[in-house]
Amino acid sequence: MKRPAPFEKPILITKPLLPELEELMPLMEKIWSSSQLTNNGAMARQLEKELGLYLKADNLSLFSNGTIALQIACKLLRLSGEVITTPFTFAATTNSLAWCNLNPVFCDVEDDTLNLDVNHIEELITEKTTAILPVHVFGNPCKVDRIQQIAEKYNLKVIYDAAHAFGVEIDGRAIGSFGDVSMFSLHATKIYHTIEGGALTFGNRYLKQRADWIRNFGLIGEACIMEPGTNGKLNEVQAAVGLQVLKLVDKEIEGRKLVVNRYKEKLKNIPGIRFFNEIDGVKYNYPYCVIRISSGSFGMTRDEVHEELKKYNVFTRRYFYPLCSNFQCYRNIPSADVHRLPVAAAAAQEVLALPLHGRLEMDDVDRICELLIYLFK
Ligand SMILES: *Cc1c(COP(=O)(O)O)cnc(C)c1O
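Residues numbered from 1 in each chain as written. Predicted model: local features only at pLDDT ≥ 70, side-chain atom pairs only at ≥ 80, totals over all residues. Heavy atoms only, no water.

**Q** Summarise the sheet that holds strand β13 (residues 282-283); cite the residues concerned and give the values.
**A** Taken in spatial order, the 3 strands of this open sheet run β7-β6-β13, and their pairing is antiparallel. A strand with exactly one partner marks an edge of an open sheet, and here the two such strands are β7 (173-174) and β13. Of the strand pairs in this sheet, strand β6 (residues 169-170) and β7 are connected by 2 bridges, and their pairing is antiparallel. Note that in β7 the partner of Glu169 across the bridge is Ala174. (Pairing = 2+ DSSP bridges. Helix = DSSP H or I, 4+ residues; strand = E, 2+ residues; numbered from the N terminus.)

**Q** Describe the packing of helix α1 (residues 21-34) against helix α7 (residues 236-246), listing the residues and the values that go with them.
**A** Two quantities define a packed helix pair, namely the angle between the helix axes and the distance between the axes. Running from N to C, α1 and α7 point in directions that differ by 150°, and their axes come no closer than 10 Å. Comparing the axis directions of α1 and α7 gives the class roughly antiparallel. Regarding α1 and α7, the two cross each other, and that crossing is right-handed. Across the interface between the two elements, Glu23, Leu24, Leu27, Met28, Ile31 and Trp32 of α1 pack against Glu236, Val237, Ala240, Val241, Leu243 and Gln244 of α7. Looking at the contact of α1 with α7 residue by residue, the classes come out as 9 nonpolar, 1 polar and 2 charged. (Axes fitted to C-alpha atoms, helices over the stretch in contact; angles between N-to-C directions. Parallel < 35°, antiparallel > 145°, perpendicular 65-115°, else oblique. Left-handed = near helix turned anticlockwise from the far one by under 90°. Contact = heavy atoms within 4.5 Å. Nonpolar A, V, L, I, M, F, W, Y, C, P; charged D, E, K, R; others polar.)

**Q** Break down empty space enclosed by the protein for me, with residues and values.
**A** Going through the model one piece at a time under the given rule, you end up with 5 cavities of 30 Å³ or more. Of the voids in this model, the largest cavity is the one considered here, and its volume is about 200 Å³. Together, 15 residues line the largest cavity, and Asn140, Val260, Phe276, Tyr286 and Tyr288 are the ones closest to its centre. Of all the secondary-structure elements, those providing two or more residues to the lining of the largest cavity are α8 (249-267) and β14 (289-293). Its residues assigned to classes, the lining of the largest cavity shows 10 nonpolar, 3 polar and 2 charged. (1 Å grid on protein atoms, 1.4 Å probe; cavity = no way out; pocket = protein on both sides within 12 Å on 5 of 7 lines; lining within 4 Å. Points joined across faces, edges and corners; volume = space filled by probe spheres on them.)

**Q** Talk me through the packing of helix α10 (residues 302-310) against helix α12 (residues 362-375); I want residue IDs and the actual numbers.
**A** Axis separation between α10 and α12 bottoms out at 11 Å; the angle between their running directions is 125°. Relative to α12, the element α10 is oriented oblique. Crossing of α10 against α12: the hand is right-handed. Taken together, the residues of α12 that come into contact with α10 (itself represented by Val305, Glu308 and Leu309) are Leu371, Leu372 and Leu375. Looking at the contact of α10 with α12 residue by residue, the classes come out as 5 nonpolar, no polar and 1 charged.

**Q** Residue-level account of the side chain of Thr130, with values.
**A** Along the chain, Thr130 falls in strand β4 (residues 129-133). Judged by relative accessible area, which is 19%, Thr130 ranks as buried. A distance of 2.6 Å separates a polar side-chain atom of Thr130 from the backbone oxygen of Ser80. Setting aside residues no more than four positions away along its own chain, Thr130 makes contact with Leu79, Ser80, Glu82, Val83, Leu156 and Lys157. (Buried < 20%, exposed > 50% of the residue type's maximum accessible area, 1.4 Å probe, protein only. Polar contact = N/O pair within 3.5 Å; in protein donor to acceptor, adjacent residues only side chain to side chain.)

Structure (structure tokens):
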């Protein structure tokens, strides 16, 4: 096979959704004439309403980013001691626990979804455990019913890191409706974004009320602080961007679905390349196109593929690698021992996220697939 030509322009891992500037300007003019730039202004309130409808959440609050939202969720539920979580996630998940003086306890993941393995949670529960923090990795839903059962049996709280799961539904039920609190990241690299931003959805309105106080220093009214809060507010300019981006998100998800299906179609017969299976009844959102590369059958390691593609101007991402349990600051935790996390450890060596957004040209997808086929030996 002839060596394929490199792309002239770099193909990046993703490209943020951007509203037309002309459509943004009227909202900016409104903000300017109101002179209210932040502190739960009209744009933020409107976006909370619209996102609540989109995510089918009666109780939703916006924050300046997903990480602060996750930290606020931990404070809100008054967690202490140990929290069982996954090592196969972005650093923000584990870091948020550490920032709240909580001890992360790493639990291995299941091979088919790379989400927290529900069969290993119970053996990690001690008298210090107060919560479970699973992640809907790559938008694949966790085994929410089983997690709920375990939480009820041991009286634990459940916070879902739903950073990847914007708009996902299980049998028509919104992903944010499971557990006590769910966190959505609205960062520019996510499907739906407010440049930087985060949202929490809550099981009840009292949690939302307290979260709204905590994100504003803990202020209730003008002069009362009931509990120490922080500054986690989303400003008006970003909320306005969010209102416009929300109009584009359905089309973006449709476009991504077509791209992912094209990748699957073109690569389905390549030994050593594996995709995730879709489960019936789940509405997916296609946040990443992740393949798993087994070097034995593919003939090249994931790292080699990642490096080799760069030579063709194609930029992929080893997502998630390394595991959170491998970071310097966490690797001495007993549960971080790699022998206790064999499935996560294998996945971290195999996963590769391919370039994906809803506006990616099919010709480019085809060329990326041809490159992978060319590399396959
Ligand atoms: C992006 C992400 C976060 C952090 O969200 P920010 O809005 O960037 O703070 C947390 N968890 C996961 C799994 C993420 O991918």
